[in-house]
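# Examination of the molecular architecture
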Amino acid sequence: MSTFDVARLVGKMTLQQKVAQLRGLFATELFVSTPEIQGIDPARVSIIRPHGVGHISMAWFLADEVNELRSQLDAVQEHVRESSPFGIGAMVHFEAINGVVHDSGPQFPTAWAQAASWNPGLIRRAASVSSALTEQIGGHAVFSPVMDLARDPRWGRVHETYGEDPELVAQCSVAFVQGIQGSTGERPILATGKHFLGYGASEGGLNQAITQLGRRALVDEYAEPFRRAIAEADLALMMNSYNEVDGVPAAANRWMLTDLLRGELGFTGPVVSDYSSIAMLRTVYHTAPEPGDAARRALEAGLDADLPGGEEYAMLVEEVQSGRLDERVVDLAVERTLLAKARAGLIPEFRRASNEPHVDLEDAAQTRRSIADQSLVLLSNDGVLPLSADEGSDDRTKIVVIGPATDELRIHFGAYTSVSNIEMMRGSMALRAGEIPGITAEEAIFTDIFQARLPGIEPTFEEAAKRLHPDASTLLGALQARRPDVTFVELGDLMPDAAVLEEAAVASAVRGADLVIAALGERTGWVGNNTAGEGQSTSEPRLPGNQEQLVALLAGTGVPIVSVIVTGRPLLLSDVVEQSSAVLIAPLLGEEGGEAIARALFGEVNPSGKLPSTFPRSIGQIPTYHGHHFGSGYDHPTGIRHGYNDLASQSPLFAFGHGLSYTEFDLTPGGSEPTVTPDGQLALSITVRNTGARAGDTVVQLYARDEEASVVRPVRQLVAFERVGLDVGQEKTIELSAPVARLAFTGLDDKRVIEAGRVTLSVGFASDDIRATSEVEILSSSTSL
């Protein structure tokens, strides 16, 4: 469908019909309760949206069963097409960062876990499963992936992101978009980049707070994943951020949504609002006195759709008729919307043929397992791991497992999963029924469910997780399936008001044990008693409850401790690491959590995950990340800088890219010298060897440092990486390369440039484990688009 075709359609539409294409319809608006109908009434569409429907929000609430959901959506679309001009359908949205948010959706480890695998191919496979299911149930777009850089672990949404680094986030994001839309855009499902821009850098780690970043940081670092997804994967949709930058909310920021996004990054699709962000111009930021003002300012900034319900954009008709808004601004937004709808097959005149979608459940299960196995990160190990599963031996190790993550399935899931979705419904029901202590049924309507504590709700949520995933095992079940003699002692609590533990009780629990597995972590989700998740910021991101005390008391017994930590973000773990013989991070692996951890502990799988985020030693180091600028941060390649006088080491506890294995690897430069190729590639050859006693995978990481620039640059940039699997004694030579354009930045004249000069290339197994360094030279400066 061409822009000419779109303009022709828009020219035949009334103002009311145009505005209708820019508004959402919240799926729950179709629920009715009358003597004749109890449930969904698709015919309500023509009553509440007589001029058409642009979008249908949170459609997964319409039905629990997949065939019923498709049937309901088909019925709704029939009425939408009757109301809309030219039979245009509504764009139906789902969420899918960890799998489609619906009971029928295969679920995958959370995005932070996917990034810890450093395997974009697996991310692409998982997203393709979600794409097929979205089409099968009648959807057209997924509001994923989250492309924000997350450098502050106090922020509760770190687990939804691919971590701190622009290159890693970019490669993961491109893979996800290609999985959803197809490698050449052949799929009729559209991916959405979010949140534009700088959302993960909120002040104090508070959700939706101000972002204190300069434009150069926003453009060169935080916009890089979006730039790459647009250029390399033809990203179809964009969603604005909730934040404000330099006094201008993202929802009304023309520089951000038009000058940068469309002008510099070349984005041509529609921008949809994060839920209620346009209303927040009035209700939160106080930059728009009336709904019409908020609508006008957002639309003029470049925001094309008001979601979920479009209440503010309903005022656009009056804004145009009063002369306060040029109708051509409305026309442009509608044109962008219709182009995206044509791509999704929602305009009958321009619908393209599509094969019947097939959801391969076996491939989904294998992909889920592979992501889980490759994303477990072994932080430390004094040789205690792997454990022996040989229970026939007379001298077998007596193992006691202890801690609140031992026998809980729910703890392995994050927000934007089928589990967190059903919790939202059950939590809402409990509030409305007056079942939550301290909140009456009358008060429930005024309660922010994301913020409310729900005492006693945990068994209800655990039952829901087990119902949705009946074949999933807790860690205890997985351990005892391998070693029935493993003993579980129920001690430790992750609730903030947990009781102080008694030293004698802990000592008694592990008396006679040769090894203790401490299963620790935090709950992450939308509603309930979580310490991480959307709306859940933490002033000190550490193990909640009495878990730190539990580890300290265990250490006092002298029994070796293996700490397994279930989390979707970096935590403050200095004491736990010091007191443990080994520490394994399980980054919200979903239904694979228990089995994947057990496979790693017993050596069935050799851990190979690498950290997508830096783990700080102290709260005072936050935010800390490997790609900080010269003169700032913890790493100073050209001299000593100021540091914290109360820290013995300025370095992080664990650096970006860190992750151990049960074997050892080495690397040396390959046969060819590092060079800048005639076609503009930074290139070098590396030979990797497995020098240990077990087969295993590692991730070879290539970093670059611009030694001479007109503006301050990072001390290192990740520019390429490759996962390599090697048998014992095997070696492999790989070619690592990255476009010189990866070194582009915004120059002093505000134009994007690649400057001539020396570049240091470093290759290793982590940002702080560099094994080879060389220098190349870029001979001439150039403008980079």
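These lines cover the structure that appears in this document, whether it is placed above or below. (Residues numbered from 1 in each chain as written. Predicted model: local features only at pLDDT ≥ 70, side-chain atom pairs only at ≥ 80, totals over all residues. Heavy atoms only, no water.)

## Focus on the packing of helix α19 (residues 475–482) against helix α23 (residues 593–601)
Packing of α19 against α23 leaves a shortest axis separation of 7 Å and a crossing angle of 45°. On the basis of their axis angle, the class for α19 and α23 is oblique. For the element pair α19 and α23, the recorded crossing hand is right-handed. Residue-level inspection shows L475, A478, L479 and R482 of α19 in contact with α23, the latter providing G594, E595, I597, A598, R599 and L601. (Axes fitted to C-alpha atoms, helices over the stretch in contact; angles between N-to-C directions. Helix = DSSP H or I, 4+ residues; strand = E, 2+ residues; numbered from the N terminus. Parallel < 35°, antiparallel > 145°, perpendicular 65-115°, else oblique. Left-handed = near helix turned anticlockwise from the far one by under 90°. Contact = heavy atoms within 4.5 Å.)

## Points about the nonpolar core
In this structure, F196 and L573 are the most contacted members of the largest nonpolar core, which totals 173 residues. Sort the elements by how many residues they give to this core and helix α7 (residues 166–181) lands first, with eight residues. Once you skip the residues sitting within four places of it in the chain, L573 turns out to touch L379, L543, I565, I585, F615 and L653. (Core = buried A, V, L, I, M, F, W, Y, C linked by side-chain atoms within 4.5 Å. Buried < 20%, exposed > 50% of the residue type's maximum accessible area, 1.4 Å probe, protein only.)

## Here's the deal with the pairing of strand β22 (residues 717–726)
Most of β22 sits inside the fold, with eight of its 10 residues counted as buried. The sheet contact formed by strand β21 (residues 696–706) and β22 spans nine bridges and is antiparallel. Within β22, the residue paired with Q701 across the bridge is F721. (Pairing = 2+ DSSP bridges.)

## Section: α7
Here α7 is 16 residues long and its end C-alpha atoms lie 22 Å apart, about the 22 Å a rise of 1.5 Å per residue gives. When you tally the buried positions in α7, you get 15 out of 16 residues, the bulk of the element. Of the residues flanking the start of α7, the one acting as N-cap is D165, its side-chain oxygen 2.9 Å from the backbone nitrogen of E167. (Expected span 1.5 Å × (residues − 1). Polar contact = N/O pair within 3.5 Å; in protein donor to acceptor, adjacent residues only side chain to side chain.)

## Describing the pattern of salt bridges
Going through the model one piece at a time under the given rule, you end up with 56 salt bridges. The shortest N-O distance in the salt bridge between R228 and E167 comes to 2.9 Å. In this pair, R228 sits in helix α9 (residues 224–233) while E167 sits in helix α7, placing the two residues 61 residues apart along the sequence. For D373, the salt bridge goes to R599, with nearest N and O atoms at 2.9 Å. Highlighted residues: D373 in helix α15 (residues 361–375) and R599 in helix α23, separated in sequence by 226 residues. In terms of burial, D373 and R599 fall into one category: buried. Bridged by salt links that share partners, the residues E167, D220, E224, R227, R228, E232, E264, R742 and R752 form one connected network. (Salt bridge = Lys/Arg side-chain N within 4 Å of Asp/Glu carboxyl O.)

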